[in-house]
Amino acid sequence: MHPPTRTSRFLRAGSFVVVLGLLAVASALGQANRLPRVGWILSGTAEGSRPLVDAMRAGMADEGMDGRSVVLDIRYLDGRTDRYAEVFADIVRHPVDLLSAAGPVGIPAARDASSGRIPVSGYFCGTDVAQMVESYARPGGNVTGVSCFSAELAVKRIELLKDTVPSLRRIGFLYDPRNPGKDKELAQVREAAGKLGMTVATSTVSAAEGFRAAIGALQRDRAEAIVTSEDPFTYAHRALIVALAAEHQMPDIAAGREFPAAGGLLSYGSSNIDGFRQFGRYAARILRGTKPADLPVWQPMRFEFVVNLKAARALGITIPKVVLMRADDVIE
């Protein structure tokens, strides 16, 4: 066997360079041809979150973007909202064009994982929007999204609860202490309750196994009803919350209709389905190149009051006719 000549060594080196060049071109073409990818974390289960996913897909379709033109990398936390940062860290290991999450834990985790480079679309439910963007009209930075306008309606929920059960003298406020917007909501709840001759007991919970103790503590503190502060954590555990409220024979009210649909008594707030449809529209616009800073935080204009008569009967409550006349939906 003859030793390699200078020419053969050069040809081998040249071939290696050519191969590297071809790989680089193929990689570039692959990047250019790949579908845009959304890394989206939902706090609940796949089954419980299906209506929200369907609503977001519908919103993207409104903008002409369907399942053939985008990849939705959806992760479900099954109520473990302490895992947002960990899961987002895994998502951004691969190319991603938009990060999406909801609430006071999820949106900051998405923002941190984005390193300021990846656009973030948030569902501001139970979140103090002012802590995440410069303003509703001009978000600035790389974060925008949709507000469910939940905390702002706390006063209305207290009034509806009192109208439904006029004998109430003390109510319990159940919330996740990790939520920075809850101090403002609690202040509103206390002010509204005071004007109606009621006092407020409070209880915090940040883990699924803590709900039984938290609701039991409210009852021991003489609370006669439960006001649930809605955010992705309580939303993910809504079935457990309303089951425990029923077990303790305590009327309850929350923001989303999903609570009475799960067996709770009352809800008043914006439609999460409407909100997630708009969420999808914003996602499509961002994927097409609109900067989050140029998309004002969307605010709902329609709110719904839902009454569950089956839950009322189980609690031995007769819903006043004037309350039923104000309901947008009555669950028999």
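This structure is a prediction, so every number in the text was calculated from the model and none was measured. (Residues numbered from 1 in each chain as written. Predicted model: local features only at pLDDT ≥ 70, side-chain atom pairs only at ≥ 80, totals over all residues. Heavy atoms only, no water.)

### Topic: the state of the cysteines
Linking two cysteines covalently via their sulfur atoms produces the bond known as a disulfide. Taken as a whole and judged by the stated rule, the model has one disulfide. With its sulfur 2.3 Å from that of its partner, cysteine 125 forms a disulfide with cysteine 148. Across the S-S bond linking cysteine 125 and cysteine 148, the dihedral sits near 80°, which makes this disulfide right-handed. Placement of the pair is cysteine 125 in the loop between strand S4 (120–124) and strand S5 (143–147) and cysteine 148 in the loop between S5 and helix H5 (154–164), with a sequence separation of 23 residues. Exposure class is identical for cysteine 125 and cysteine 148. Each is buried. (Disulfide = S-S within 2.5 Å. Helix = DSSP H or I, 4+ residues; strand = E, 2+ residues; numbered from the N terminus. Buried < 20%, exposed > 50% of the residue type's maximum accessible area, 1.4 Å probe, protein only.)

### Brief notes about the environment of glycine 197
Considering the arrangement of structural elements, one finds glycine 197 in the loop between helix H6 (182–195) and strand S7 (199–204). Residues glycine 197 and lysine 162 lie 35 residues apart in sequence; the distance between their C-alpha atoms is 9.8 Å.

### Let's talk about the packing of helix H7 (residues 211–220) against helix H9 (residues 238–247)
The geometry of H7 relative to H9 is characterised by a closest axis approach of 10 Å and an angle of 40° between their N-to-C directions. Taken together, the axes of H7 and H9 are oblique relative to one another. For the pair H7 and H9, the crossing hand works out as right-handed. The segment H7 lies against H9, with Phe211, Arg212 and Ile215 engaging Leu240, Ile241, Leu244 and Glu247. Its residues placed into classes, the contact of H7 with H9 shows five nonpolar, no polar and two charged. (Axes fitted to C-alpha atoms, helices over the stretch in contact; angles between N-to-C directions. Parallel < 35°, antiparallel > 145°, perpendicular 65-115°, else oblique. Left-handed = near helix turned anticlockwise from the far one by under 90°. Contact = heavy atoms within 4.5 Å. Nonpolar A, V, L, I, M, F, W, Y, C, P; charged D, E, K, R; others polar.)

### Notes on the sheet that holds strand S2 (residues 71–76)
Reading across from one edge, S2-S1-S3-S4-S5 is the order of the five strands in this open sheet, with parallel pairing throughout. Of all the strands in the sheet, just S2 and S5 have a single pairing partner and so form its edges. Taking the axes of each pair of neighbouring strands and ignoring which way they run, one obtains an average angle of 20° across the sheet. Looking at chain direction, strand S1 (residues 37–42) and S2 are connected through six bridges and run parallel. Opposite valine 38, over in S2, you have leucine 72 as the bridge partner. Each of strand S3 (98–102), S4 and S5 is contacted by helix H4 (residues 103–114), which is oriented at about 160° to S3, the strand it contacts most. Strands S1, S3, S4 and S5 of the sheet are contacted by helix H11 (residues 272–287), whose axis makes an angle of about 170° with S4. (Pairing = 2+ DSSP bridges.)

### Concerning the pairing of S1
Buried residues dominate S1, accounting for six of its six residues. Residues Arg37, Gly39 and Ile41 line one face of S1 and the alternating positions Val38, Trp40 and Leu42 line the opposite face, and both faces are buried. Handedness of the crossover joining S1 and S2 through helix H2 (residues 50–62) is recorded here as right-handed. (Right-handed = clockwise from strand over helix to strand, strands pointing away.)

### Some points on the pairing of S3
Counting buried positions along S3 gives five out of five residues, so the element sits mostly inside the fold. Side chains Leu98, Ser100 and Ala102 of S3 all project onto a buried face; the interleaved residues Leu99 and Ala101 project onto the opposite face, where all are buried too. As paired elements, S1 and S3 share three bridges and run parallel to each other. Within S3, the residue paired with valine 38 across the bridge is leucine 98. Bridging between S3 and S4 involves four bridges; their strand directions are parallel. If you follow leucine 99 over to S4, its bridge partner there is valine 120.

The values are spatial; any link to function lies outside them.
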